[in-house]
Amino acid sequence: MPLSMNTYLLQTPIDRLKGLWPKRAEMLKKELGIHTYQDLLNLFPNRYLDRTQYYKISELQPTNAEVQIVGKITHIKTVEQKRGKRLVAIFTDGTHQMELVWFRGQKWIRESLKLNVPYVIFGKTKYFNGSFSMPHPEMELLEKHEKSMRSAMQPMYPSTEKLANSGMTNRVLNLLVQQLFLETKNAFAETLPKPLLEELKLVSKKEALFNVHFPKSQAHLARAQYRLKFEELFYIQLQLIRKNLVHKSKIKGYTFDKIGTYFNSFFSEHLPFDLTNAQKRVIKEIRNDLGSNAQMNRLLQGDVGSGKTIVAFMSMLIALDNGFQACLMAPTEILSVQHYNGLLELSKKLNTRIELLTGSTKTSKRREIHEKLENGELDILIGTHALLEDKVKFKNLGLAIVDEQHRFGVEQRSKLWHKNEYPPHVLVMTATPIPRTLAMSVYGDLDISIIDELPPGRKDIKTVHRFDANRLKVFRFIRDEISKGRQVYIVYPLIQESETMDYKDLMDGYESISREFPMPDYQISIVHGQMKSTDKEYEMNRFVKGETQIMVATTVIEVGVNVPNASVMIIESAERFGLSQLHQLRGRVGRGAEQSYCILMTGHKLSADAKTRLQTMVRTSDGFEIAEVDLKLRGPGDLMGTQQSGVLNLRIADIVKDSDILKIARSYAMKVLKADPNLASEENIPVKNTYAQLVKYRNIWNYIS
Ligand code: ADP
Ligand code: MG
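Note that the structure is a prediction, hence the values are computed from the model and not measured.

### Structural notes on the sheet that holds strand β18 (residues 487–491)
Taken in spatial order, the six strands line up as β17-β22-β21-β18-β20-β19 in an open sheet, and their pairing is parallel. A single partner strand is all that each edge strand has here, and the edge strands are β17 (462–467) and β19 (524–527). Adjacent strand axes in the sheet meet at a mean angle of 20° when their direction is disregarded. The pairing of strand β21 (residues 566–571) with strand β22 (residues 597–602) spans four bridges and is parallel. Within β22, the residue paired with V568 across the bridge is Y597.

Here it is, written out as structure tokens:
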């Protein structure tokens, strides 16, 4: 089927719309990005005024609500006041009278108002000195009102200040949309397959579009919105899933079909503990990917302490068994060092050649690593962003693992791809659980593995919220724990590593802690972002080795640091941290056999959101549950950072509120593509057409890079 006439009609430049003045057309383009008929059609109202109700003036309450009244104007006058004039019309509905008031556009309004004919007026009322008035009412002759296509549920379109000031009121937008429906005769092609419409009892595209702009009732509106939200999410999912499938069929990867000595001897002889079922499952998923001839592109999610490192290591061993190199990239120096030490430990009986490359690697060492890497004398390289430098050339990189992905842009992820002839398999690990719906939207084109089980024997971390006034008690508690041989973290906010005020807070805190816990009985480490990395490492190591009992730090310790003997995490100014950060920090403790504690310190003044965050932390330690709350508090854009927010730029759906629809849409998109990957069947013609059109005109696909 060729694209319908309708498709061409919808691409008509908006300037052609009858009744749209050229100046206003320009405003529409500039302010709302509306260039075509289709763009205007897809300008969905963001709320509706319920105009099913009519009020009598005698019934009005001084609540300042929006009301609709039928009545007549009996006379009009201009009233002089201190600053300029106002136009006043006396309006009566037989029960009472009120004033309609205008401060702007008086001449034009005065000329257009008719006396003693019934009008429908709508607007917010003001109550003053025992009588009601309505400034700048929306007005329509009753006769016209009854004939108009406008329904009782009045749509309110998104607007901007500039638009409103240039006379593009909601009313005008409304009329333009009416005009659009008249010109196109509401002949909109269906965009979803018939069987799907039937199965999900969705209303047709035509009906949905009409009712979203001119709803006959709440029920009609709800059905229309559901259908349009479904459609929007369906096509995004279709796109993402298709991208994944195309990727798999087009982007060849090295096939790691051997499971050899490295993996087998490690698995049978050197495993330091039994793997959890979740770890086993995930390793199997990764093995399957690596064994296929498609390039792996997998996201591994697992809460802090869930044991992702060993999964990463065993995946690397598969690469090594097949004669390839592997790398692991971490966001901070401290974490890279820790990974390096951890992997050295795991691999000590395996004869693997592992090196560490960070910003502070000495030039001579650096040169040596570069050389060995290129000759293939090195199996595994661990490091920071330093891995991405141009001089770093692998002989044959087969697997790239990125830890704590949210710290790296997608761009950097793809940079790793270009290190050798064919792209290596990519495994991205994150300890920030991403709510399922968000993962579907943002990483819908990746495969996702989840470790949803902690290693056995972990004790729940006791979490409490304490006010600053109770600091002495908290100090006493710290002293008790230290006397039992435990170690303590005290963390200060440092959102921007350069914020001098935060730095001062940290130093003040450090001083008061030093006074409270004096040498030689107590030793204190301090780590913050303004230190040289060698100093950082030195301080960190003292704590790791147990030479210091207290670690005063900023969030640099947030990611991945592992000190099992540390059992107390004190978070200062906890109200200033986001939920996921709090959760990450808490994850630093509870890694050993002892009961661990997390104490959230705050002042008394707390915002509602801050209270919710603290309560959530006290209530649960389930990372996915915490992530859901975070998503609700912050919204998807904030949660993911600006980079990916384009994906979340939806017209009508909301991935938080419409998560149920999203899940259904994804499963149907999957179903459609599984049954008919090329969208070639008769019933999928609408899908094929719509998809082609969406890609061509880039309507909701602006984010496709
Ligand atoms: P994360 O997922 O936060 O990176 P790690 O890989 O650092 O977690 O593991 C956290 C701790 O749990 C480490 O000390 C590790 O040795 C240990 N661990 C991992 N898996 C298991 C397991 N199956 N059984 C017992 N301990 C485990
Ligand atoms: Mg880790």
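### Focus on the pattern of salt bridges
Should their charged atoms come close, side chains of opposite charge can pair. This structure, assessed with the given rule, holds 28 salt bridges. The shortest N-O distance in the salt bridge between K365 and E368 comes to 3.7 Å. Taken together, the positions of K365 and E368, both in helix α15 (residues 363–375) and three residues apart, correspond to about one turn of that helix. Put simply, E516 and R479 hold a salt bridge, and the shortest N to O gap is 3.2 Å. Here the residue E516 occupies a position in helix α19 (residues 500–516), and R479 occupies one in helix α18 (residues 471–483), the gap between them amounting to 37 residues. By relative accessible area, which is 28% here, E516 ends up partly exposed.

### What about the pairing of strand β7 (residues 131–135)?
Examined bridge by bridge, strand β4 (residues 97–102) and β7 share three bridges and lie parallel to one another. Each residue of the ladder has a partner; that of E99, found in β7, is S133. Relative to β7, strand β6 (residues 126–128) runs antiparallel, the two being bridged by three bridges. Bridge pairing in β7 places K126 opposite S133. Count of turn residues in the β6/β7 antiparallel hairpin: two residues, of which N129 carries a positive phi of about 55°.

### Some thoughts on the environment of A189
With respect to the helices, strands and loops of the structure, A189 is situated in the loop between α7 (170–184) and α8 (194–200). Judged by relative accessible area, A189 falls into the partly exposed class, the value being 37%.

### Overview of the sheet that holds strand β12 (residues 354–357)
Sheet architecture is open: seven strands sit in the order β12-β13-β11-β14-β15-β10-β16, paired in parallel fashion. Because the sheet does not close on itself, it has two edges, and the strands there are β12 and β16 (447–451). Averaged over neighbouring strand pairs, the angle between their axes works out to 20° when direction is ignored. Here strand β14 (residues 397–403) pairs with strand β15 (residues 425–430) via five bridges, running parallel. Bridging across to β15, A400 finds its partner in V426. The sheet contacts of helix α12 (residues 277–291) involve β10 (297–302), β15 and β16, and relative to β16 the element is tilted by about 160°.

### A look at the environment of V311
Within the secondary structure, V311 is located in helix α13 (residues 308–321). The exposure class of V311 is buried, given its relative accessible area of 0%. Taking C-alpha positions, V311 is 33 Å from Q615, a pair spaced 304 residues apart along the chain. Excluding anything up to four places from it in sequence, V311 contacts Q279, V282, I283, I286, L300 and I451.

### Here we look at the side chain of S306
The residue S306 is located in the loop between β10 and α13 in this model. A distance of 2.7 Å separates a polar side-chain atom of S306 from the backbone oxygen of D303. When neighbours within four sequence positions are excluded, S306 is seen to be in contact with Q279, I451, E453, L454 and P455.

### Remarks on the site of ligand 1
Taken together, 16 residues are adjacent to ligand 1, and D274, G305, K308, T309 and R458 come closest. Q279 is positioned with one of its side-chain polar atoms (N or O) 2.9 Å from a nitrogen atom of ligand 1. At 3.1 Å, a backbone N or O of G307 approaches an oxygen atom of ligand 1. Protein burial of ligand 1: of its 550 Å² of free accessible surface, 79% is covered by the chains. Partitioning the shell around ligand 1 into residue classes produces four nonpolar, seven polar and five charged.

### Focus on the layout of surface pockets
Each pocket or cavity is described by its volume, and for the largest pocket that value is around 1,600 Å³. For the largest pocket, the lining is made up of 39 residues, of which H136, P137, E138, T169 and R171 are closest to its centre. Residue assignment for the lining of the largest pocket shows that the elements contributing at least two residues are β1 (47–50), α4 (106–112), β5 (119–124), β8 (138–141), α6 (161–165) and α7. Residue composition of the lining of the largest pocket, by class: 18 nonpolar, 10 polar and 11 charged.

### Considerations on the nonpolar core
When a protein is soluble and globular, its nonpolar side chains tend to lie buried together. If you look at the biggest cluster of nonpolar residues, it comprises 53 residues, and the most contacted ones within it are F230, L233, F234, L238 and L381. With eight residues, helix α10 (residues 218–250) is the largest single contributor of residues to this core. Each residue touching F230, except ones within four places of it in the same chain, is listed here: L192, L196, L200, L202, I661, I664, A665 and Y668. In this structure, I286, A312, M316 and A326 belong to the second largest nonpolar core, which totals 39 residues.

Conventions used here
- Residues numbered from 1 in each chain as written.
- Chains lettered and ligands numbered in written order.
- Predicted model: local features only at pLDDT ≥ 70, side-chain atom pairs only at ≥ 80, totals over all residues.
- Heavy atoms only, no water.
- Pairing = 2+ DSSP bridges.
- Helix = DSSP H or I, 4+ residues; strand = E, 2+ residues; numbered from the N terminus.
- Axes fitted to C-alpha atoms, helices over the stretch in contact; angles between N-to-C directions.
- Salt bridge = Lys/Arg side-chain N within 4 Å of Asp/Glu carboxyl O.
- Buried < 20%, exposed > 50% of the residue type's maximum accessible area, 1.4 Å probe, protein only.
- Contact = heavy atoms within 4.5 Å.
- Polar contact = N/O pair within 3.5 Å; in protein donor to acceptor, adjacent residues only side chain to side chain.
- Near = heavy atom within 4 Å.
- Areas by Shrake-Rupley, 256 points an atom, 1.4 Å probe, with all protein chains shown as cover.
- Nonpolar A, V, L, I, M, F, W, Y, C, P; charged D, E, K, R; others polar.
- 1 Å grid on protein atoms, 1.4 Å probe; cavity = no way out; pocket = protein on both sides within 12 Å on 5 of 7 lines; lining within 4 Å.
- Points joined across faces, edges and corners; volume = space filled by probe spheres on them.
- Core = buried A, V, L, I, M, F, W, Y, C linked by side-chain atoms within 4.5 Å.

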